[in-house]
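One-letter residues, chain by chain:
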Amino acid sequence: MTSEAIALGGRPTVVGRRLRKRFPLLVGMAFAIMGAVVVCALASDLIAPYDPNQQNLSESALRPSAEHLLGTDQLGRDIASRVVYGARTALVGPVLVAVGGFTIGTFLGLLAGYLGGRTDSLVMRWVDLMFALPGLLVTVVIVGIVGGGYWMAVALLVVFFSPSDTRIVRGEALRQRSLPYVEAARTLGLSRRRIMFRHIGPNVLPIVLAYVFLDFAFALVSLSGLAFLGIGVSPGTPDWGLMLFENRNLLFRNPAAAVAPGIAIVATAASMNLIGDWLYERSTGRTDLRS
């Protein structure tokens with residue numbers, strides 16, 4: 001029994017076994033939730049019962065009913081329709097952040113891990129600098145001063161998310177660099193670029209892809225937090241984070257107006273975390289993802 005299990009009376013071991021048994025079910029639920037989010041994002045016009053921006057002040061802050069499944073907000077807009085349309089910004093921005101961070105991180109990580117020396121030192125000093133900066137705070141300041149709205153926030157988050165991917169890829173590249181297949185490629189006279197991107201790259205790709213799903217979850221929470229602060233998406237946009245801010249005063253009149261987008265954020269982020277964890281286990285056989 002591990003020291004942690006002994007300190008806590010053995011309960012983590014029992015709970016851990018139960019969670020591992022239920023993990024396939026949780027992953028299945030995660031895929032189902034993400035499938036529903038993707039369908040809502042792609043077919044919002046067909047699924048949403050109302051125009052998300054249609055206002056009707058005579059139906060302000062109504063509670064859930066047969067006509068409005070999640071009620072309405074202060075302007076009489078249908079909450080269910082706005083949650084459905086909010087899946088678009090919940091996917092587009094985080095996907096761009098995750099893919100952008102993955103691309104930059106993979107390129108720099110391979111360079112640092114394989115070439116080593118001064119290249120490794122320069123890349124890792126940049127990584128250390130980015131980790132030292134409060135990413136969200138810097139994003140708030142830059143977007144507030146420069147402007148650019150949602151897309152500027154996405155671009156800045158790409159920059160701040162790439163260091164973690166860079167460090168992961170670098171570590172895997174360092175491990176791969178000493179393996180026999182890399183030595184054989186060097187013996188055959190293959191170029192360093194070919195060895196990095198055609199041989200080492202595909203071998204670190206499965207692990208990095210698992211982290212991309214986690215980056216998506218963190219990006220979703222970050223963009224939702226920025227939207228809650230009024231940074232990023234334009235006022236009135238059906239965005240889950242912005243809906244939390246706009247409907248925070250309706251908790252006692254129509255709780256669903258604030259609870260529904262909050263549940264959507266948590267469910268989507270948790271689902272992507274579970275999928276990322278599952279992919280990590282499938283690709284490495286380990287269970288210590290970001291432990």
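Calculation criteria
Residues numbered from 1 in each chain as written. Predicted model: local features only at pLDDT ≥ 70, side-chain atom pairs only at ≥ 80, totals over all residues. Heavy atoms only, no water. Helix = DSSP H or I, 4+ residues; strand = E, 2+ residues; numbered from the N terminus. Contact = heavy atoms within 4.5 Å. Salt bridge = Lys/Arg side-chain N within 4 Å of Asp/Glu carboxyl O. Buried < 20%, exposed > 50% of the residue type's maximum accessible area, 1.4 Å probe, protein only. Axes fitted to C-alpha atoms, helices over the stretch in contact; angles between N-to-C directions. Parallel < 35°, antiparallel > 145°, perpendicular 65-115°, else oblique. Left-handed = near helix turned anticlockwise from the far one by under 90°. Phe/Tyr/Trp six-rings, centres within 6.5 Å; stacked < 30°, edge-to-face > 60°. Lys NZ or Arg CZ within 6 Å of the ring centre and 35° of its normal. pLDDT = per-residue confidence, 0-100. Patch = residues over 30% accessible without salt bridge, like charges linked within 9 Å, V, L, I, M, F, W, Y side chains within 5 Å. Areas by Shrake-Rupley, 256 points an atom, 1.4 Å probe, with all protein chains shown as cover. Core = buried A, V, L, I, M, F, W, Y, C linked by side-chain atoms within 4.5 Å. Expected span 1.5 Å × (residues − 1). Arc of directions from axis to C-beta.

Draft legend 1. Focus on the overall build of the protein. Of the regular secondary structure elements, the protein holds 11 helices and 0 strands. In the protein, the proportion of contacts linking residues at least 24 apart, taken out of those at least 6 apart, comes to 71%.

Draft legend 2. Quick peek at the environment of Thr-139. Structurally, the position occupied by Thr-139 is in helix α6 (residues 135-146). Each C-alpha atom of the pair Thr-139 and Leu-157 lies 7.5 Å from the other, and the pair is 18 residues apart in sequence. Apart from the residues within four sequence positions on either side, Thr-139 is in contact with Ala-153, Leu-156, Leu-157, Phe-160 and Leu-226.

Draft legend 3. Representation of the pattern of salt bridges. A complete count under the given rule lists 8 salt bridges for this structure. Notably, a salt bridge pairs Glu-246 with Arg-82, separated by 3.7 Å at the nearest N-O pair. Taken as a pair, Glu-246 in helix α10 (residues 240-246) and Arg-82 in helix α4 (residues 79-115) lie far apart in primary sequence, 164 residues in all. For the pair Glu-246 and Arg-82, a shared accessibility class is recorded, and that class is buried. Where Arg-186 meets Glu-183, a salt bridge forms, and the shortest distance between an N and an O atom there is 2.7 Å. You can see Arg-186 and its partner Glu-183 sitting in helix α8 (residues 180-187), 3 residues apart, about one turn around the helix.

Draft legend 4. Main features of the packing of α4 against helix α5 (residues 117-132). The interhelical angle for the contact between α4 and α5, taken along N-to-C directions, is 140 degrees, at an axis separation of 7 Å. Between α4 and α5, the crossing angle belongs to the class labelled oblique. Of the two elements, α4 crosses α5, and the hand of that crossing is left-handed. Of the residues in α5, those in contact with Leu-108, Leu-111, Ala-112 and Leu-115 of α4 are Gly-117, Thr-119, Asp-120, Val-123 and Trp-126.

Draft legend 5. Expanded view of the packing of aromatic side chains. In total, this model carries 4 aromatic pairs according to the counting rule given. When the ring of Phe-107 is compared with that of Phe-197, the centres are 6.0 Å apart and the planes differ by 15 degrees; the resulting orientation is stacked. Here the residue Phe-107 occupies a position in helix α4, and Phe-197 occupies one in helix α9 (residues 192-228), the gap between them amounting to 90 residues. The exposure class of Phe-197 is partly exposed, given its relative accessible area of 33%. When the ring of Tyr-150 is compared with that of Trp-151, the centres are 5.2 Å apart and the planes differ by 80 degrees; the resulting orientation is edge-to-face. Looking at Tyr-150, the relative accessible area reads 12%, which means it is buried. The lysine or arginine in question, Arg-248, covers the ring of Phe-245, its NZ or CZ lying 4.1 Å from the ring centre.

Draft legend 6. Examining the confidence of the model for the protein more closely. Confidence along the protein averages 84 in pLDDT terms, with 90% of residues attaining 70 or more. Mean pLDDT across the secondary structure elements of the protein bottoms out at helix α1 (residues 3-7), with 39, and peaks at α4, with 91. Confidence over residues 1-16 falls short of pLDDT 50; this stretch has 6 contacts with residues more than four positions distant or in other chains.

Draft legend 7. Summary view of unusual backbone geometry. In this model, Ala-61 sits at a positive phi of 55 degrees, which is unusual for a non-glycine residue. Note on placement: Ala-61 falls in the loop between α3 (44-47) and α4. Owing to a relative accessible area of 10%, Ala-61 belongs among the buried residues under this scheme.

Draft legend 8. Representation of a nonpolar patch on the surface in the model. Side chains of Leu-137, Val-141, Ile-145 and Val-146 sit close together on the surface and give an oily, nonpolar patch of about 410 Å² of accessible area. Summarising the element assignment, Val-146 is placed in helix α6.

Draft legend 9. The nonpolar core, seen in detail. Residues Ile-200 and Trp-240 are the most contacted members of the largest nonpolar core, which totals 38 residues. Top element by residues in this core is α4. It accounts for 10 residues. Dropping the residues within four chain positions of it, Trp-240 is found in contact with Val-37, Val-83, Gly-86, Ala-87, Ala-90, Pro-261, Ala-264, Ile-265 and Thr-268. Among the nonpolar cores identified, the runner-up in size contains 16 residues, and Val-143, Leu-157, Val-158 and Ala-227 belong to it.

Draft legend 10. Local environment of α5. The terminal C-alpha atoms of α5 lie 23 Å apart, and with 16 residues this matches the ideal 22 Å at 1.5 Å per residue to within 8%. Taken together, the buried positions of α5 are occupied by Asp-120, Val-123, Met-124, Val-127 and Met-130. Looking down the long axis of α5, one finds its buried residues gathered within 115 degrees of arc, a one-sided arrangement. The exposed set on the far side of α5, more than 90 degrees from its buried face, consists of Arg-118, Leu-122 and Ala-132. Taken together, the buried residues of α5 touch α4 and α7 (149-177).

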